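# Residue-level structural notes
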Amino acid sequence: VFGTKEYWDELYLGRGDFPAEEYTWYFGWEGYQSLVQQYVSNRQACILLPGIGNDPILLDLLQKGYHNLTATDYSEYAIDRQKDLLSYHYSWDDLDGDDVGSGNGNNKGAITTDGRVQLKCMDARKMDETWTNRFDAVLEKGALDAIYLSGDGNLEATVQELVRVLKPGGTLISVSGVVPEELRRQVFANDSWEWLRDGSKDLKAGCFVLKNTKL
């Protein structure tokens, strides 16, 4: 069920197994913030957070000085939860679609004292066609696990999209505990990725750091 959109829609509507308003998958910011600050040291970096759900990581990143954040989820209700979380701390304006790229609607943006957060309802398997080479870094937390559980080659399709939207030399930080190690090695092959940190021996979920080596 973790691989179905219906499950996540129900969760973010408050009818699921976990809190709808705020929930930290695997472990909180304190568990991996040192890796983010080590491998994405530039606070002006353009960072993508796919499958954001209702995790409070956007607030964590803003409070650490990161200024250019884009978060997506294929559940429109997750996007609504993120808007609610941000609205407790920052002023908010809805942005038109041109400001956040074309797509399937529900485009929202937060204008904050610390920078800008853009939220977009989008499937990680097919992201905005204008996003090629857009992001300096991708930070995903449990999204690839849920996508893997949905089957049908969706994990492979998502990884190909990550290659596309990351700039050459861009960094992927993946917090994951479900994708089998052999499959992870296969989809993050050496001809496209350089492994900077192997998190397979970590407790709880692993923190994997990879560099996009495309030319």
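Presented here is a report on the structure given in the accompanying data block.

Moving on, we come to the overall build of the protein. Scanning the protein for helices and strands turns up eight helices and eight strands. Out of the 215 residues in the protein, the part that is buried amounts to 52%. Intrachain contacts of the protein at a sequence separation of at least 6 include 65% that bridge at least 24 residues.

Here we come to the packing of aromatic side chains. All told, the structure shown has four aromatic pairs when counted by the stated rule. Ring geometry for Phe 188 and Trp 193: centres 5.2 Å apart, planes at 80 degrees, overall edge-to-face. For Trp 193, a relative accessible area of 1% puts it in the buried group. When the centroid spacing of 6.1 Å and the interplanar angle of 90 degrees are considered together, the rings of Trp 195 and Phe 208 count as edge-to-face. Residue Trp 195 is found in strand β7 (residues 193-197), and its partner Phe 208 is found in strand β8 (residues 206-212); the two are separated by 13 residues along the sequence. When the ring centre of Phe 208 is taken as reference, the NZ or CZ atom of Arg 184 above it lies at 3.9 Å. In this arrangement the basic side chain of Arg 185 is found over the ring face of Trp 195, its NZ or CZ atom lying 3.8 Å from the centre.

On to empty space enclosed by the protein. Under the definition given, this model contains two cavities of 30 Å³ or more. Estimated volume of the largest cavity: approximately 60 Å³. The biggest single contributor to the lining of the largest cavity is strand β5 (residues 135-141), with three residues. Considering only residue class, the lining of the largest cavity consists of six nonpolar, one polar and three charged. A volume near 50 Å³ is recorded for the second largest cavity. As for the second largest cavity, its lining consists of Val 36, Val 40, Ile 47, Leu 61, Ala 137, Val 138, Leu 139, Thr 171 and Ile 173. Of all elements in the fold, only β5 and β6 (166-176) reach the threshold of two or more residues within the lining of the second largest cavity. A breakdown of the residues in the lining of the second largest cavity according to their chemical character gives eight nonpolar, one polar and no charged.

The biggest cluster of nonpolar side chains holds 31 residues, and the ones touching the most others in it are Tyr 32, Leu 49, Leu 58, Leu 61 and Leu 69. Broken down by element, this core gets its largest block of residues, five residues, from helix α3 (residues 57-63). When sequence neighbours within four positions are dropped, the list of residues in contact with Leu 61 reads Trp 29, Val 36, Leu 49, Tyr 66, Leu 69 and Leu 139. In this structure, Leu 155, Val 165, Leu 183 and Phe 208 belong to the second largest nonpolar core, which totals 23 residues.

Of all the seven residues making up β8, six are buried; the element is thus mostly covered by neighbouring parts of the structure. Bridge count for β6 against β8 is six bridges, and the pairing is antiparallel. In the strand pairing of β8, Ile 173 is matched with Val 209. When β7 meets β8, the two strands line up antiparallel, connected through four bridges. When the bridges of β8 are listed, Arg 197 appears paired with Val 209.

What counts and what doesn't
- Residues numbered from 1 in each chain as written.
- Predicted model: local features only at pLDDT ≥ 70, side-chain atom pairs only at ≥ 80, totals over all residues.
- Heavy atoms only, no water.
- Helix = DSSP H or I, 4+ residues; strand = E, 2+ residues; numbered from the N terminus.
- Buried < 20%, exposed > 50% of the residue type's maximum accessible area, 1.4 Å probe, protein only.
- Contact = heavy atoms within 4.5 Å.
- Phe/Tyr/Trp six-rings, centres within 6.5 Å; stacked < 30°, edge-to-face > 60°.
- Lys NZ or Arg CZ within 6 Å of the ring centre and 35° of its normal.
- 1 Å grid on protein atoms, 1.4 Å probe; cavity = no way out; pocket = protein on both sides within 12 Å on 5 of 7 lines; lining within 4 Å.
- Points joined across faces, edges and corners; volume = space filled by probe spheres on them.
- Nonpolar A, V, L, I, M, F, W, Y, C, P; charged D, E, K, R; others polar.
- Core = buried A, V, L, I, M, F, W, Y, C linked by side-chain atoms within 4.5 Å.
- Pairing = 2+ DSSP bridges.

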